[in-house]
Amino acid sequence: MLGGKSVLITGAGTGIGAAAARVFCREGAAVTLVARREKELAGLTAELTGAGHRAQYVLADVRQRADVARAVAAATEAFGGLDAAFNNAGLAAMPGPMHLVDDETYDSVMDTNVRGVWHCLQYEIAAMLEGGGGAIVNNSSTAGLVATVAGSPYIAAKHAVIGLTKAAANEYGSRGIRVNAIATGATRTGMLGEYLDQDPGREPAMAGKAMVGRLAAPHEIAEAAAWLCSDRSSYITGATVPVDGGRTAR
Ligand SMILES: NC(=O)c1ccc[n+]([C@@H]2O[C@H](COP(=O)([O-])OP(=O)(O)OC[C@H]3O[C@@H](n4cnc5c(N)ncnc54)[C@H](O)[C@@H]3O)[C@@H](O)[C@H]2O)c1
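Let me sum up the structure you'll find in this document.

Looking at the packing of helix H4 (residues 103-131) against helix H5 (residues 152-172)
Phase 1: The N-to-C vectors of H4 and H5 enclose an angle of 15 degrees; their axes lie 9 Å apart at closest approach. In this view, H4 runs roughly parallel relative to H5, as classed from their interaxial angle. For the crossing formed where H4 meets H5, the hand is right-handed. Contact residues: Tyr106, Val109, Met110, Asn113, Val114, Val117, Trp118, Leu121, Ile125 and Leu129 in H4; Pro153, Tyr154, Ala156, Ala157, Lys158, Ala160, Val161, Leu164, Ala168 and Tyr172 in H5.
Phase 2: In the contact of H4 with H5, the residues fall into 18 nonpolar, one polar and one charged.

This is the structure in structure tokens:
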């Protein structure tokens, strides 16, 4: 499905990003894995290259423009261009009632989830224009579609990711670049685990909101991202695909 494609994945060291690295490689992609922590990235890259896949990692903070520029350049240099990207790096915060949220929390959630995707889109689009097209998938959330238990800055940020997705799809569709978002539902990763582990009632309550009655596994989100990055979804752009076990259809 992704044979011969050069794909960049952000937030690739853990959770959904790490699952995506494995799924994208299984589908034949050469992957550039981007995140801030070397231990996880180096281990995952060794696992993938050891299994015969093409993978490299770049330590980068998506909040920093120069870091993102360096990561995209590394992908194009190592693998002959950039065909697809999964902008997955994100930060959750459940800071409580809106009127008590401080500016520091608001800024940090916006910086990673919105500015980070903004930086990625800018450099990825520039690289894809050079190469004649591509596909980008932004990891939003059900919190990008509806208000959930997630805090207000996160809800606002994930709505903004969907706005950026539509804007980019609109501007670059005629130049061969498709841009979509995933409205990711509750998924058992480190990000959510911390919240769930604070109270044993939380997981069943959250699982019960999905029509399928359970949380997602990280690879289930990754499979959708791989499909949206592939030519098999060639007529889909500007869309937000819920991968949420039916959560937002209720
Ligand atoms: N887990 C869920 O229930 C859920 C639900 C909806 C959406 N999401 C979204 O899925 C994405 C992946 O989250 P996850 O659940 O795998 O959690 P996670 O914490 O395992 O993954 C997030 C990754 O992003 C990286 N990251 C954070 N800030 C970064 C920065 N500034 N620069 C580079 N990398 C950075 C982290 O190091 C981490 O590897 C996030 O965008 C999150 O908002 C998750």
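What to know about the sheet that holds strand E6 (residues 177-184)
Phase 1: Overall, parallel pairing links the seven strands, which are arranged E3-E2-E1-E4-E5-E6-E7 in an open sheet. Both edges of this open sheet fall to strand E3 (55-59) and strand E7 (240-243), since each of them pairs with a single strand only. Strand-to-strand twist of the sheet, defined as the mean angle between neighbouring strand axes without regard to direction, takes the value 20 degrees.
Phase 2: Pairing of E6 with E7, which is carried by four bridges, proceeds in the parallel orientation. Its bridge partner lying in E7, Ala181 is registered against Thr240.
Phase 3: Relative to strand E1 (residues 6-10), helix H1 (residues 15-26) is tilted by about 165 degrees, and along the sheet it contacts E1, strand E2 (30-35), strand E4 (84-87), strand E5 (134-139) and E6.

A look at the pattern of salt bridges
Phase 1: Scanning the model with the defined rule gives 11 salt bridges in all.
Phase 2: Across the salt bridge formed by Asp67 and Arg70, the nearest N and O atoms sit 3.5 Å from each other. Here Asp67 and its partner Arg70 are both found in helix H3 (residues 65-79), three residues apart, which amounts to about one turn of the helix.
Phase 3: Accessibility expressed as a relative area gives 19% for Asp67, which makes it buried.
Phase 4: The class for Arg70 is partly exposed, based on a relative accessible area of 42%.
Phase 5: Across the pair Asp197 and Arg188 runs a salt bridge, and its minimum N-O distance is 3.3 Å.
Phase 6: Judged by relative accessible area, Asp197 falls into the exposed class, the value being 57%.
Phase 7: Through salt bridges with shared partners, one network takes in Arg26, Glu27 and Glu223.

What counts and what doesn't
Per-chain numbering applies: the sequence of each chain, read as written, is numbered from 1 onward. pLDDT decides what is reported in this predicted model: residues at 70 or higher carry local features, side-chain atom pairs at 80 or more are listed and counted, and totals for whole chains, interfaces and linings draw on all residues regardless. Side-chain metrics in this entry use all non-hydrogen atoms of the structure; hydrogen atoms and water are not considered. An axis is simply a line fitted to the C-alpha atoms; with a helix, the fit covers only the stretch in contact. Between two such axes, the angle follows the N-to-C directions and lies from 0 to 180 degrees. A run of DSSP states H or I qualifies as a helix once it reaches four residues; a run of E qualifies as a strand once it reaches two. Both are numbered from the N-terminal end. Reported orientations rely on four angle classes, namely roughly parallel under 35 degrees, roughly antiparallel over 145, roughly perpendicular from 65 to 115, and oblique for the rest. Handedness of a helix crossing follows the sense of rotation of the near helix relative to the far helix, less than a right angle counterclockwise being left-handed and clockwise being right-handed. Throughout, a residue-residue contact means that at least one pair of heavy atoms, one from each residue, lies within 4.5 Å. Note on residue classes: Ala, Val, Leu, Ile, Met, Phe, Trp, Tyr, Cys and Pro are nonpolar, Asp, Glu, Lys and Arg are charged, and everything else, Gly too, is polar. Note on pairing: DSSP must find at least two bridges between two strands before they are called paired. Should a side-chain nitrogen of Lys or Arg be within 4 Å of a carboxyl oxygen of Asp or Glu, the pair is scored as a salt bridge. Here the term buried applies to any residue with accessible area under 20% of the maximum for its type, exposed to any over 50%, and partly exposed to those in between, with areas from a 1.4 Å probe on protein chains only.

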